[in-house]
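Residues per chain are reported as follows:
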Amino acid sequence: DSGVTQTPKHLITATGQRVTLRCSPRSGDLSVYWYQQSLDQGLQFLIQYYNGEERAKGNILERFSAQQFPDLHSELNLSSLELGDSALYFCASSLGPQTGRSGNTIYFGEGSWLTVV
Amino acid sequence: GDSVTQMEGPVTLSEEAFLTINCTYTATGYPSLFWYVQYPGEGLQLLLKATKADDKGSNKGFEATYRKETTSFHLEKGSVQVSDSAVYFCALGGGGNKLTFGTGTQLKVEL
């Protein structure tokens, strides 16, 4: 158990709908990351928040948005859903704002499976 | 930009066989390197990491050495078990606040 909690674990919804995925980071971690895992794109970084502020942005669509709340939990909002948005969405957390060269370890949750029909 | 290339899977081995999963990277500067493992139906777990050249990361019998001269971070295990069956991801932590992952290599270990 990584300590990162994601809900819901599974979600099925129709095209055009909007969903919200929720993440609670490990206790004490200030950074939250969102990743998308799909068969054709692999693991893609979407966005990072540190202590409530957006820190880095990756391949996140304009239909998607995220935020980190004062209690450090984060939500990823996916709107106008398309079939191609079906994927496993991971939340991850780390202690500090920097990863990369610092070797700061990122801990992943078990993911939220989104199926768009 | 940063990129990671992993060997294609699936890799199928018999129990107690030697494992190598190749990983090479492209990055500017001196990235940190990671191996993550994803067991069926679970999230990504950090397996090991190395933060500078010639460092060796190790965990649960797995090892990988950060080779700057060959830009590689190959994963090895001397004797695999059925319980090692999973998907293994090589990842690079470069200048940005994110990890860049390889495409993953599925390992199947049979009795």
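Look up: the structure comes first, before these words.
Criteria and cut-off values
- Residues numbered from 1 in each chain as written.
- Chains lettered and ligands numbered in written order.
- Predicted model: local features only at pLDDT ≥ 70, side-chain atom pairs only at ≥ 80, totals over all residues.
- Heavy atoms only, no water.
- Contact = heavy atoms within 4.5 Å.
- Buried area = accessible area lost by both parts, 1.4 Å probe.
- Salt bridge = Lys/Arg side-chain N within 4 Å of Asp/Glu carboxyl O.
- Polar contact = N/O pair within 3.5 Å; in protein donor to acceptor, adjacent residues only side chain to side chain.
- Helix = DSSP H or I, 4+ residues; strand = E, 2+ residues; numbered from the N terminus.
- Phe/Tyr/Trp six-rings, centres within 6.5 Å; stacked < 30°, edge-to-face > 60°.
- Buried < 20%, exposed > 50% of the residue type's maximum accessible area, 1.4 Å probe, protein only.
- Disulfide = S-S within 2.5 Å.

K.L.:
I'd like to hear about the interface of chain B and chain A, residue by residue, with values.
P.N.:
Taken together, the contact between chain B and chain A spans 23 residues of the former and 23 residues of the latter. Taken together, the two surfaces of chain B and chain A that pack against each other cover about 1,700 Å², and 53% of this comes from carbon and sulfur. Scanning the region where chain B abuts chain A turns up 0 salt bridges. The tally of links from chain B across to chain A stands at 4 residue pairs in polar contact (both at pLDDT 80 or more). Elements that contribute at least two residues to the side of chain B that touches chain A include exactly β5 (32–38), β6 (44–50), β10 (86–93) and β11 (99–101) of chain B.

K.L.:
Would you mind going over the packing of aromatic side chains in detail, with residue names and values included?
P.N.:
Residues and elements named next belong to chain A. Counted by the stated rule, this structure contains 12 aromatic pairs over all chains. Summarising the aromatic geometry, the rings of Y35 and F108 are spaced 5.5 Å apart at their centres and angled 50° between planes, so their arrangement reads as tilted. With a gap of 73 residues between them, Y35 in strand β4 (residues 31–38) and F108 in strand β10 (residues 107–108) connect regions that are remote in the sequence. You can call Y35 buried: its relative accessible area is 0%. Since its relative accessible area comes to 2%, F108 is described here as buried.

K.L.:
A description of the environment of T7 of chain A should follow, citing residues and the corresponding values.
P.N.:
Residues and elements named next belong to chain A. Summarising the element assignment, T7 is placed in strand β1 (residues 5–7). For T7, a relative accessible area of 39% gives the class partly exposed. Considering only alpha carbons, one finds T7 and D85, 78 residues apart in sequence, at a separation of 17 Å. Once residues within four sequence positions are removed from consideration, T7 is found in contact with L21, R22 and S112.

K.L.:
Run through the state of the cysteines, naming residues and quoting values.
P.N.:
Defined simply, a disulfide is a covalent bond joining two cysteines at their sulfur atoms. Residues and elements named next belong to chain A. In this structure the tally under the stated criterion is 2 disulfides over all chains. Linked covalently through their sulfurs, C23 and C91 form a disulfide whose S-S length is 1.8 Å. Linking C23 and C91, the disulfide has an S-S dihedral of approximately -60° and is accordingly described as left-handed. In this pair, C23 sits in strand β3 (residues 19–24) while C91 sits in strand β9 (residues 87–94), placing the two residues 68 residues apart along the sequence. Assigned by exposure class, C23 and C91 land together as buried.

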